[in-house]
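# Working through the structure, step by step
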Amino acid sequence: GSTEGGSTGGSTEGGETGGSGEGGSTVTPIEGTVICSFAGGQASNSSFIVAGNFKNSTTGVSVDGNTYNDYLKLESSAGTVSFKITAKMQMTCYTGDTKAKLKIDGADVTGDTTKGVVTVTLEAGDHTIAKAGSGSQSLYLIKLVPVTE
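These numbers were taken from a predicted model, which means no experiment stands behind them.

So, on to the confidence of the model for the protein. Here the protein averages 86 in pLDDT, while 83% of its residues score no lower than 70. Scored below 50 in pLDDT, residues 17-24 makes zero contacts in the model with residues more than four places away or belonging to other chains.

Laid out in structure tokens, this is it:
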């Protein structure tokens, strides 16, 4: 028999450490059809960063057969929703209010005052919803639907 030893294999070269993190942003991008309600004083979808006071209404709003009674109160001092989308989407905000006015990405938008609904088309990127005009506003539900072009 031979007394020759085997050769030790493998490379000692380490793997590459990946990722050039942009830092700070923990916003999960939204894909597909998504709704966000505010039951129990929090956003039902963790992709939405929400700040402000949560309230409850006896009347609420009815959307697609579901009634939503909890809302985020949008005031000048507090009340914002931020999120990020990766594709063009149609956003519908249910305010339950005939003013149907919101500040979306810094611009005042008035929606359908008979239904209390504000609908806009958003490009991919970061977006913010806040109060428009005077007084406070209610936001019961946000619905995002991808736009197919």
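Once you've had a look at it, read on.
Our focus in this paragraph is unusual backbone geometry. For A100, which is not glycine, the phi torsion reads 45° and is therefore positive. Note on placement: A100 falls in the loop between strand 6 (89-94) and strand 7 (101-104). The backbone of D105 sits at a positive phi, close to 50°, despite the residue not being glycine. In this fold, D105 is placed in the loop between strand 7 and strand 8 (107-110).

As enumerated under the stated definition, the model contains three aromatic pairs in all. When the ring of F48 is compared with that of F83, the centres are 5.2 Å apart and the planes differ by 50°; the resulting orientation is tilted. In this pair, F48 is assigned in the loop between strand 1 (34-37) and strand 2 (49-51) and F83 in strand 5 (residues 80-85), connecting sequence segments 35 residues apart. Of the two residues examined, F48 and F83, each falls in the buried class. Ring centres 5.1 Å apart and planes at 50° place the aromatic pair Y71 and Y140 in the tilted group. Of this pair, Y71 sits in strand 4 (residues 66-74) while Y140 sits in the loop between strand 11 (137-139) and strand 12 (141-146), and the two are 69 residues apart along the sequence. Residues Y71 and Y140 agree in their burial class; the two are buried.

The four strands lie next to each other as 1-12-6-9, forming an open sheet whose pairing is antiparallel. Among the strands making up the open sheet, the edge pair consists of strand 1 and strand 9 (117-122). Averaged over all neighbouring strand pairs, the angle between strand axes comes to 15°, with direction disregarded. With six bridges connecting them, strand 6 and strand 9 associate as antiparallel partners. Along strand 9, the bridge assignment pairs C93 with V118.

This brings us to the side chain of S138. One can find S138 in strand 11. The buried category is assigned to S138, whose relative accessible area is 16%. Setting aside anything within four residues of it in sequence, one finds S138 in contact with Y71, L72, Y94 and T95.

Cut-offs and rules
- Residues numbered from 1 in each chain as written.
- Predicted model: local features only at pLDDT ≥ 70, side-chain atom pairs only at ≥ 80, totals over all residues.
- Heavy atoms only, no water.
- pLDDT = per-residue confidence, 0-100.
- Contact = heavy atoms within 4.5 Å.
- Helix = DSSP H or I, 4+ residues; strand = E, 2+ residues; numbered from the N terminus.
- Phe/Tyr/Trp six-rings, centres within 6.5 Å; stacked < 30°, edge-to-face > 60°.
- Buried < 20%, exposed > 50% of the residue type's maximum accessible area, 1.4 Å probe, protein only.
- Pairing = 2+ DSSP bridges.
- Axes fitted to C-alpha atoms, helices over the stretch in contact; angles between N-to-C directions.

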